[in-house]
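The primary structure of each chain is shown beneath.
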Amino acid sequence: QVQVVESGGGLVQPGGSLRLSCRASGNIYSMNTVTWYRQVAGQERELVASITREDVTTYADFTKGRFTISREKTRRMVYLQMNSLQPEDTAVYYCNAGIMGTNLVFGTYWGQGTQVTVSS
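A few points on the structure. (Residues numbered from 1 in each chain as written. Predicted model: local features only at pLDDT ≥ 70, side-chain atom pairs only at ≥ 80, totals over all residues. Heavy atoms only, no water.)

1. Points about the packing of aromatic side chains
Here is step 1: Summed over the entire model, instances satisfying the criterion amount to two aromatic pairs.
Here is step 2: A ring pair is formed by Tyr-37 and Trp-110, whose centres lie 5.1 Å apart and whose planes are at 45°; its orientation type is tilted. Of this pair, Tyr-37 sits in strand S4 (residues 28-39) while Trp-110 sits in strand S10 (residues 106-110); the two residues are 73 residues apart in sequence, bridging distant segments of the chain.
Here is step 3: Using a relative accessible area of 22% as the deciding quantity, one classes Tyr-37 as partly exposed.
Here is step 4: Ring centres 6.5 Å apart and planes at 80° place the aromatic pair Tyr-94 and Trp-110 in the edge-to-face group. Taken together, the positions of Tyr-94 in strand S9 (residues 91-101) and Trp-110 in strand S10 put the pair 16 residues apart, joining distant regions of the chain.
Here is step 5: Taken together, the ring pairs in this structure connect Tyr-37, Tyr-94 and Trp-110 into an aromatic cluster. (Phe/Tyr/Trp six-rings, centres within 6.5 Å; stacked < 30°, edge-to-face > 60°. Helix = DSSP H or I, 4+ residues; strand = E, 2+ residues; numbered from the N terminus. Buried < 20%, exposed > 50% of the residue type's maximum accessible area, 1.4 Å probe, protein only.)

What follows is the structure in structure tokens.
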């Protein structure tokens, strides 16, 4: 049915950049609010940024203007541009998407996560 998959993670040096992607596929009628979370090993998952169907965005304080969330016109692909990455940004990044299926049933879907490692 519906699947959400993150990609774009990897290893970067401090000050570097990564662009994460969140792709939704399946019998989708509408992709609504999409939220990026991250989880540091051994810690609680925390909100990073979100974007609504109306393209209203919100960011966690720690992004400090470094991160930008955006989406394609189709709203099937959401991006998280991360600049000026620091070691404390190291985490598994997850995408959570609110999706209306073609059956007109709404659901919330999680991706499997993508690892971001910032290290020298």
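What follows continues from the structure just given.
2. Looking at the sheet that holds strand S1 (residues 3-7)
Here is step 1: Reading across the sheet, the four strands line up as S1-S3-S8-S7 and stay open at both edges, with antiparallel pairing between neighbours. Every other strand in the sheet has two partners, leaving S1 and strand S7 (67-71) as the edge strands with one partner each. In this sheet, adjacent strand axes meet at a mean angle of 15° when their direction is disregarded.
Here is step 2: Where S7 lies against strand S8 (residues 77-82), five bridges are found, and the strand directions are antiparallel. Residue pairing for S8: Phe-67 is matched across the bridge by Met-82. (Pairing = 2+ DSSP bridges. Axes fitted to C-alpha atoms, helices over the stretch in contact; angles between N-to-C directions.)

3. Focus: the pairing of S1
Here is step 1: Only one face of S1 is covered, namely the one carrying Val-4 and Glu-6; the face carrying Gln-3, Val-5 and Ser-7 has none of its residues buried.
Here is step 2: Relative to strand S3 (residues 18-25), S1 runs antiparallel, the two being bridged by five bridges. Looking at S3, one finds that Ser-7 is bridged to Ser-21.

4. A short note on the state of the cysteines
Here is step 1: Summed over the entire model, instances satisfying the criterion amount to one disulfide.
Here is step 2: A disulfide bridge connects Cys-22 with Cys-95, and the sulfur atoms are separated by 1.9 Å. The S-S bond linking Cys-22 to Cys-95 shows a torsion near -80°; that makes this disulfide left-handed. Placement of Cys-22 in strand S3 and of Cys-95 in strand S9 is noted, with a sequence separation of 73 residues between them. Each member of the pair, Cys-22 together with Cys-95, is buried. (Disulfide = S-S within 2.5 Å.)

5. Some remarks on the environment of Gln-81
Here is step 1: Of note, Gln-81 is situated in strand S8.
Here is step 2: By relative accessible area, which is 26% here, Gln-81 ends up partly exposed.
Here is step 3: Taking the C-alpha atoms as reference points, Gln-81 and Ser-21, separated by 60 residues in sequence, lie 8.7 Å from one another.
Here is step 4: Here the side chain of Gln-81 touches Asn-83 through a polar contact of 2.9 Å, side chain to side chain. (Polar contact = N/O pair within 3.5 Å; in protein donor to acceptor, adjacent residues only side chain to side chain.)

6. Notes on the environment of Ile-99
Here is step 1: Within the element layout of this structure, Ile-99 appears in strand S9.
Here is step 2: Judged by relative accessible area, which is 0%, Ile-99 ranks as buried.
Here is step 3: When the C-alpha atoms of Ile-99 and Ser-84 are compared, they prove to be 31 Å apart, with 15 residues separating the residues in sequence.
Here is step 4: With near-sequence residues (within four places) excluded, Ile-99 lies in contact with Val-2, Val-4, Ala-24, Ile-28, Ser-30, Met-31, Val-105, Phe-106, Gly-107 and Tyr-109. (Contact = heavy atoms within 4.5 Å.)

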